[in-house]
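An overview of the molecular structure
For reference, the chains in residue letters:
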Amino acid sequence: MYVTASVQEQEKNSSTIKSNRTMSNEIFVAFATQKGGIGKSTVTALAANYLHNVKGYNVAVIDCDDPQHSIHGLRERETKLIDESLYFKALACDHFRKVRKNAYPVIKSNSQDALDDADRMLVSEEVKPDIVFFDMPGTLRSDGVVKTLSQMDYIFTPMSADRFVVESTLQFAAMFRDNLMTTGQAKTKGLHLFWTMVDGREKNGLYDLYEDVIAEMGLSVLSTRLPDSKKFRRDLSEERKGVFRSTIFPMDTSLLKGSGIREFSEEIVSIIKPR
């Protein structure tokens, strides 16, 4: 299978797959999958936003999803809007006064340089993050993906109720666990799957059947299922509508309701237990 070959090949090419992060307090968390178009970057941005602006944790994002760099691109668009608009500038100042901290850093990187870029960020940031999120490429073909993932404390993998997506996700999760986690080559403490892009018209029985198979494989699935909702794509805009996906502003409370992001983020916190 390709996943097995890719993992083994990247293991051979990585002579120092372990690092010396044992004394660090920050938690490295990756949203990773080998299937694109599953909303991984959006979920990363939403979870980082909620934990930083609502829960009060200090977070940082390493955007390794080269060449898209969706989260870094979102930050640049938001910064441009604020720079060019007195309205958004005032809104940003008011927000920063309320939360008493700046927007979290978003570092543009790639799977090969992600760990080095994270180390440089940790040294340079005056306020050290409690959680560092890594938005990984949607394929194992990218050089350095396996090495970077091996240094994550926790990995969360999105999947949708599509047979090909589920099979690919389970293959990735099982291979990473069996080749790296159980052999001690990865420092990862937990790998958890989660459902996203859930259509409310789909029967819960379908998910239960999938989860029975997943349980038999000894893999974990989060209890929170994220819906397929257009609100997830509601960015900051000149129309001044309520914002949901942002790297600077908190989510509009009316949009947060029913999105599952609150429950999803709380479940992540209960697993990773940041200080």
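An account of the accompanying structure is given in this report.

Reading guide: rules and limits
- Residues numbered from 1 in each chain as written.
- Predicted model: local features only at pLDDT ≥ 70, side-chain atom pairs only at ≥ 80, totals over all residues.
- Heavy atoms only, no water.
- Phe/Tyr/Trp six-rings, centres within 6.5 Å; stacked < 30°, edge-to-face > 60°.
- Helix = DSSP H or I, 4+ residues; strand = E, 2+ residues; numbered from the N terminus.
- Buried < 20%, exposed > 50% of the residue type's maximum accessible area, 1.4 Å probe, protein only.
- Lys NZ or Arg CZ within 6 Å of the ring centre and 35° of its normal.
- Pairing = 2+ DSSP bridges.
- Contact = heavy atoms within 4.5 Å.
- Axes fitted to C-alpha atoms, helices over the stretch in contact; angles between N-to-C directions.
- Core = buried A, V, L, I, M, F, W, Y, C linked by side-chain atoms within 4.5 Å.
- Parallel < 35°, antiparallel > 145°, perpendicular 65-115°, else oblique.
- 1 Å grid on protein atoms, 1.4 Å probe; cavity = no way out; pocket = protein on both sides within 12 Å on 5 of 7 lines; lining within 4 Å.
- Points joined across faces, edges and corners; volume = space filled by probe spheres on them.
- Nonpolar A, V, L, I, M, F, W, Y, C, P; charged D, E, K, R; others polar.

1. Remarks on the packing of aromatic side chains
Centre distance and the angle of the planes are the two values used to describe a pair of aromatic rings. For the structure on display, the rule yields 11 aromatic pairs. Taken together, a centroid distance of 5.6 Å and an interplanar angle of 25 degrees make the contact between Phe232 and Phe244 stacked. Here Phe232 is found in the loop between β7 (220-221) and α9 (253-256), whereas its partner Phe244 is found in the loop between β7 and α9, with 12 residues between them in sequence. Taking the relative accessible area as the measure of exposure, Phe244 reaches 0% and is therefore buried. Members of the aromatic cluster, each reached through a chain of ring pairs, are Phe31, Phe133, Phe156, Phe194 and Phe264. The positively charged end of Arg75 is found above the aromatic ring belonging to Tyr104, 5.3 Å away from the centroid.

2. What about the sheet that holds strand β5 (residues 154-159)?
A sheet is described by the order of its strands in space; here seven strands give the open sequence β3-β2-β4-β1-β5-β6-β7, paired in parallel fashion. If you trace the sheet from one side to the other, it starts and ends with β3 (106-108) and β7, each paired once. Judged from the five bridges that link them, strand β1 (residues 27-31) and strand β4 (residues 131-135) form a sheet pairing that is parallel. Bridged to Phe31 within β4 is Asp135. Across the face of the sheet, helix α10 (residues 261-272) comes into contact with β1, β4, β5 and β6 (190-195) while running at roughly 150 degrees to β5.

3. Some words on the nonpolar core
Ranked by size, the top nonpolar core spans 37 residues in total, and within it Phe134 and Leu149 carry the most contacts. By residue number, the principal contributor to this core is helix α7 (residues 163-181), which donates seven residues. Residues within four places of Leu149 in sequence aside, it is in contact with Ala30, Ala32, Met136, Ile155, Phe172, Phe176 and Thr188.

4. Observations concerning the packing of helix α3 (residues 70-84) against helix α4 (residues 86-99)
Across the interface, α3 lies against α4 with an axial gap of 5 Å and an inter-helix angle of 110 degrees. One element, α3, and the other, α4, form an angle in the roughly perpendicular class. Between α3 and α4, the contacting residues are Leu81, Ile82, Asp83 and Glu84 on the first element and Leu86, Phe88, Lys89 and Ala92 on the second.

5. Quick word on the layout of surface pockets
Put simply, the second largest pocket is a space of about 280 Å³. Around the second largest pocket, the lining comprises 14 residues; the ones closest to its centre are Tyr87, Leu91, Val243, Phe249 and Pro250. Classifying every residue of the lining of the second largest pocket gives seven nonpolar, two polar and five charged.

6. Observations regarding the pairing of β6
Buried residues dominate β6, accounting for six of its six residues. In β6, alternate side chains face the same way, and those of Gly190, His192 and Phe194 on one face and Leu191, Leu193 and Trp195 on the other are all buried. Across six bridges, β5 lies against β6 in parallel orientation. Bridged to Ile155 within β6 is Leu191.

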